[in-house]
Amino acid sequence: GRLGEHQFGVLMARCLPEGPQALDQRLRTAMAERAPAELGLSLAFSAGWAKLRPGDRGIADLQRRAETALYEARRAGGNQLKAEPGVSD
């Protein structure tokens, strides 16, 4: 769902460890194939992901870690997916 003007979030229940990377790749492939023809331009995005942890008090804790990963993806040059600190990409 939409979290802000240019931010979207996806909750993936019971996904495998490779789930975030697989979803990211499917989105990037679909955008690369369809955006130029349908929009007349190429699109790119930076993304961050996080795991729900036992000590989390709610979705806000999860979202904060995902945003930290998103900002790291942007600092690293953008157009990529980064995991929250302590979780491998």
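The structure we're discussing is the one just above.
Notes on the structure in this doc start here.

Rules of the game
- Residues numbered from 1 in each chain as written.
- Predicted model: local features only at pLDDT ≥ 70, side-chain atom pairs only at ≥ 80, totals over all residues.
- Heavy atoms only, no water.
- Salt bridge = Lys/Arg side-chain N within 4 Å of Asp/Glu carboxyl O.
- Helix = DSSP H or I, 4+ residues; strand = E, 2+ residues; numbered from the N terminus.
- Buried < 20%, exposed > 50% of the residue type's maximum accessible area, 1.4 Å probe, protein only.
- Expected span 1.5 Å × (residues − 1).
- Contact = heavy atoms within 4.5 Å.
- Bend = angle between axes of the 7 residues up to and from the residue.

**Examining the pattern of salt bridges**
Using the criterion set out here, one finds eight salt bridges in the structure. Here Asp-24 makes a salt bridge to Arg-28, at a shortest N to O gap of 2.7 Å. Remark: Arg-28 and Asp-24 occur in helix 1 (residues 19–39); sequence separation between them is four residues, near one turn of the helix. A residue is classified by how much of its surface remains accessible, and Asp-24, at 10% relative accessible area, is buried. A cluster of three or more residues bridged by salt bridges with shared partners is formed by Arg-53, Asp-56, Arg-65 and Glu-84.

**Examining helix 2 (residues 59–75)**
Over its 17 residues, helix 2 runs 24 Å from end to end, which matches the ideal 24 Å to within 8%, given 1.5 Å per residue. Considered for burial, the residues of helix 2 that qualify are Asp-61, Leu-62, Arg-65, Ala-66, Ala-69, Leu-70 and Ala-73. If you follow the buried residues of helix 2, they end up packed against strand 2 (7–8), strand 3 (47–49) and strand 4 (81–83).

**Observations regarding helix 1**
The end-to-end C-alpha separation of helix 1 is 28 Å, in line with the 30 Å expected for 21 residues at 1.5 Å each. By the largest-angle criterion, Glu-33 marks the main kink of helix 1, which is about 30 degrees, and a proline, Pro-36, follows within four residues. Listing the buried residues of helix 1 in full gives Gly-19, Pro-20, Asp-24, Arg-28 and Ala-35. Close packing links the buried residues of helix 1 with strand 3 and strand 4. Residue Gly-40 follows helix 1 closely and has a positive phi angle near 80 degrees.

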